[in-house]
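Analysis of the macromolecular model
Here's the letter readout for the chains.
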Amino acid sequence: MEKFPLQVNELEKSFRKKLGLSSFKAVDSISFQLSHGEILGFLGPNGAGKTTTIKCILGLLKPSNGKVTLWGLHPASLQVRKRIGYVPENPDYDDTFTPLEFMQMFSSMRRLDMSRERMLAILDRVGLAKWENVRIRSFSKGMRQRVSLALALQSEPELLIMDEPTVGLDPAARKEFRDIILAERQRGASVFFSSHLLSEVETICDRAVILSKGKKVVEGRLDDLMRTEDHYRIIYRVSDDEPEELEVEAAGLQKSIDDLRGQGYSIISVNPLYRSLEEVFLSATGGGGI
Amino acid sequence: MKLTVVILISAVLLSLACKADYDIEEVAPPEHLGTDHHDELDECEHEDAEHVESDHEHEAETAEPGSVHEESHEIDVSEISGSNRHVHDAGQRNHGTGWFFNQPWAASFIWGKMLRDSLILLVLAAVILFVSGYRRKHQ
Amino acid sequence: MKPVMTFALMTLRNLLRRRTIWGISIVILIALFGIGQIPGFGVSNEGRFILDFGLFGLEIGALLLAIGLASNIYPRDREQKTVMPIIAVPLSRSQYLMGRFVGAAIVEAAAMLVGCIGLMIILIMNGHAVPADMLPATGLLLVEGWFLLAVVFFFSFWTSPPLNAPLTTLLFIVSQMSVSGFIKLFPQAPGLMRTLRLFLPHMDVFHIKDPIAHGMDIPGLYFFLAALYGLAYMAFMLSVALAVFRSRDLK
C-alpha cells in the first residue's frame with residue numbers, strides 16, 4: 001500500500017533571532033497527514049506558522065525537529081518534486097518572460113515532453129488564452145497567480161500545494177480557481193490548500209487543520225468541526241401548521257422533546273446545530289484575526 | 001556545524017597541500033634568478049663595442065621559455081622615455097627586469113605545482129560536493 | 001543536464017534583457033577605443049602599449065562583469081521570491097546554482113570575446129600586428145573571470161550585493177600578490193599573513209599581458225596548465241558555494 005502523499009510528524013521549526021542569542025518557535029510540534037484524493041484546508045491567523053510549514057513541506061526550510069515526508073520520501077528528492085505542483089503566495093516570477101516562455105522553460109526543466117498546443121490549453125484553462133505572448137511585467141497580481149497555477153498544473157501533479165492561491169483574485173476568478181481545484185481532485189490529485197478565505201475552505205475542503213501561534217489547535221473533517229454537540233435544533237409541527245424550530249442546549253434536549261410531545265406536537269427532526277467555519281476558527285484561535 | 005567543520009578541514013587540507021610555493025622569488029632555483037645586471041652601465045657585458053650606449057645587447061642569463069637570445073636591433077633612442085637608458089631585446093634579462101621573469105609563465109619549475117594544486121582542488125571540490133549532498137539527503 | 005542548460009538559457013536571456021550587461025560592455029569598448037587613441041606616451045612601440053593596456057582593460061572588465069552579472073542574481077531571486085517555486089519543484093539547489101552560473105559564464109565569455117575582437121580591430125586600425133597568443137591570453141582572462149563569478153556567487157549566499165563587490169575586488173587584488181608582497185601588508189605578523197595567503201589563489205597565473213606585449217612566445221603547455229588551475233579553483237569555489245547554499249534556509 002502506498003504511503004500518504006503528505007505526512008507531517010511532530011514538525012518543529014525555530015528561527016534564531018539577531019545575534020543568535022535567542023530563538024523563537026514558528027512551528028511547534030505539529031502533526032497531520034493528507035490522504036490520497038483529499039483536499040486539506042490549512043488555516044491560521046497571520047504569523048501562525050502556515051507558510052513556514054509549507055516551506056518545510058517543500059524542503060525550502062530544514063525542520064528543527066520532527067519529520068516531513070511525501071509518499072514516504074524526503075521533500076527535496078527528485079522523485080517527490082516530479083509529483084508535486086506548487087502555487088506560492090504572491091508569486092513574483094522573472095518579469096521579462098511571457099507565460100508561454102515560462103511554460104516552455106519549466107516543462108524543459110521538468111523533462112516533460114509537452115506540445116505547444118498542450119501548453120496553450122493549460123494557459124487557456126487558467127484564463128490566460130490571449131496573454132501567452134505578453135511579458136508578465138504588465139500583469140496584475142491576479143494574472144501572475146494564474147501563471148503560477150498554470151505552471152503547477154503543467155505536470156498533472158499528484159499533490160498540489162497551494163499557499164493562499166486566491167489572494168488578489170476577483171470573485172469570478174476565485175470561482176474559476178475553485179472549479180480547477182475540484183477538477184484536479186476529480187482527476188485523483190490530493191490538494192494541500194492554505195487560505196485565509198474561510199468560505200473557500202468551507203466550500204471545497206474535506207478536512208481542515210487550524211494553527212494558532214505555531215501549534216495545531218484543531219484538526220478534523222469539516223462536517224465534524226462545524227457540528228456542535230452542545231446545541232440541537234428540534235423541528236416540530238403543531239397540527240397542520242407550518243413546521244416550527246426550537247434550539248436547545250444538549251443538557252435540556254430530552255426534557256424539551258418530552259415537553260413538546262406532552263403538548264401534543266409531533267417531532268419531525270432533531271439535529272445538532274452547525275456553526276460556520278468562521279465561528280470554529282475564532283473559537284479555536286481565541287478570536288485572533290484572520 | 002558539521003558543514004563548518006568540513007569547510008575548515010578542507011581549508012586546512014588546502015593550506016597543507018597548496019603551499020605558497022608559487023612565490024617564485026622564494027622557491028626559484030639559483031639558475032633561474034641568475035645575476036641580474038645592475039643599473040651601472042660599466043657592469044654590463046657589451047658584445048659589440050661599436051654599439052652606442054643606448055643600444056647594446058646582453059647574453060640571456062637563463063634558458064626560460066621565450067627568453068631565447070636573439071640579435072639585438074637598432075632602436076631609435078628618441079622614442080625611448082628617459083632616453084639615456086639602454087634597451088635589450090624582448091625576452092632577455094635586463095637591468096631591473098627580474099620581476100618580468102618572476103611571473104609564472106616564465107618559471108617552468110612551478111608548472112608541476114600548478115598541476116598538483118589543480119588535482120588537489122578538484123578532489124576537494126568532489127569531497128565537498130559529496131559531503132554536502134549526503135548531509136542534505138540525510139538531514 | 002537538460003534542466004541546467006534550460007535554466008542557464010533562461011538566466012542568459014534574463015541577463016541580456018537587463019541593462020547591466022550592456023552598460024559594462026559599452027564601458028569596456030569605450031575604454032579599449034580610448035586606448036587606441038592615445039599616442040603611446042612616447043613608448044617605443046605603440047602596439048605594445050595598446051596590447052598591454054588593452055589586456056589590462058579586459059582583465060578589469062572580467063572583474064566588473066563578474067560582479068555586475070552575478071552579485072545581484074541570488075539576492076534578487078530571494079527578495080522577489082522567484083527562487084522558491086524554482087527550487088521547490090523543477091530544480092534542485094545544485095541545478096539552480098549551476099544554471100545561474102553557466103548562464104552568467106556564457107554572457108561573460110561572449111563579452112570577453114567581443115572585447116578581444118575589439119582590441120584586435122584597434123590594433124589593426126593602428127597598423128599593428130595581432131599576436132598569435134592574444135586569443136589564448138583572453139581565454140586565460142576569461143577563466144579568471146569565471147573563477148571570480150564563482151567567488152561572487154559564493155559571497156552572494158553570505159552577504160548583500162553592496163558588500164559582495166568590495167569583497168570580491170579585495171580578493172582579486174590580494175590574490176595577485178606574492179607571499180612576500182602580501183606579508184608587507186602587515187609585516188608585524190608575517191606568520192599570520194603567510195598562512196592567510198595560503199588560502200588565496202594565485203591570480204598572476206592568468207596574467208600574461210607583459211610577455212605578449214613584448215612579443216614573447218608562451219608554450220601551449222602553460223596555457224593548458226593555467227586554464228586547468230583556474231577551472232579547478234572555480235570548481236572548488238562552486239562546490240563551497242553549493243555547500244553553503246544547501247545548508248541555508250530559504251525564509
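Everything numeric in this text was worked out from a predicted model, so none of it was measured.

Cut-offs applied
Residues numbered from 1 in each chain as written. Chains lettered and ligands numbered in written order. Predicted model: local features only at pLDDT ≥ 70, side-chain atom pairs only at ≥ 80, totals over all residues. Heavy atoms only, no water. Helix = DSSP H or I, 4+ residues; strand = E, 2+ residues; numbered from the N terminus. Rg over C-alpha atoms; globule rule 2.2 N^0.38 Å. Buried < 20%, exposed > 50% of the residue type's maximum accessible area, 1.4 Å probe, protein only. Lys, Arg positive; Asp, Glu negative; His and termini not counted. Charge placed at Lys NZ, Arg CZ, Asp CG, Glu CD. Contact = heavy atoms within 4.5 Å. Buried area = accessible area lost by both parts, 1.4 Å probe. Salt bridge = Lys/Arg side-chain N within 4 Å of Asp/Glu carboxyl O. Polar contact = N/O pair within 3.5 Å; in protein donor to acceptor, adjacent residues only side chain to side chain. Nonpolar A, V, L, I, M, F, W, Y, C, P; charged D, E, K, R; others polar. Pairing = 2+ DSSP bridges.

1. Topic: the overall build of chain C
- Helix and strand content of chain C: twelve helices and zero strands.
- Order of helices (α) and strands (β) in chain C, N terminus to C terminus: α-α-α-α-α-α-α-α-α-α-α-α.
- By the compact-globule yardstick of 18 Å for 251 residues, chain C fits well, its C-alpha radius of gyration being 19 Å.
- Based on the C-alpha atoms only, the size of chain C along its principal axes is roughly 60 × 50 × 35 Å.
- The 251 residues of chain C split such that 58% are buried.
- Between the mean site of the 18 positive side-chain charges and the mean site of the 12 negative ones, chain C shows a separation of 15 Å.

2. Comments concerning the interface of chain C and chain A
- Each partner contributes to the interface: chain C provides 28 residues, whereas chain A provides 27 residues.
- Summed over both partners, the interface of chain C with chain A buries about 2,700 Å², with 58% contributed by carbon and sulfur atoms.
- Contact with chain A buries surface across chain C, with Met10, Arg17 and Val89 of chain C losing the most and accounting together for 23% of the total.
- On the surface where chain C and chain A come into contact, there are two salt bridges.
- Along the contact surface separating chain C from chain A lie eight residue pairs in polar contact (both at pLDDT 80 or more).
- Only α1 (2-17), α5 (83-88) and α6 (93-125) of chain C provide two or more residues apiece to the side of chain C that touches chain A.
- Element by element, the count of residues in the side of chain C that touches chain A is highest for α1 of chain C, at eight residues.
- A class-by-class count of the residues in the side of chain C that touches chain A yields 13 nonpolar, six polar and nine charged.

3. What to know about the pairing of strand β7 (residues 190-194) of chain A
Residues and elements named next belong to chain A.
- Judged by how many residues are buried, β7 sits mostly within the fold: five of five residues are covered.
- Every second residue of β7 is oriented toward a common face, with Ser190, Phe192 and Ser194 on one face and Val191 and Phe193 on the other, all of them buried.
- By the bridge criterion, four bridges tie strand β3 (residues 39-43) to β7 in an arrangement that is parallel. Residue pairing for β7: Ile39 is matched across the bridge by Val191.

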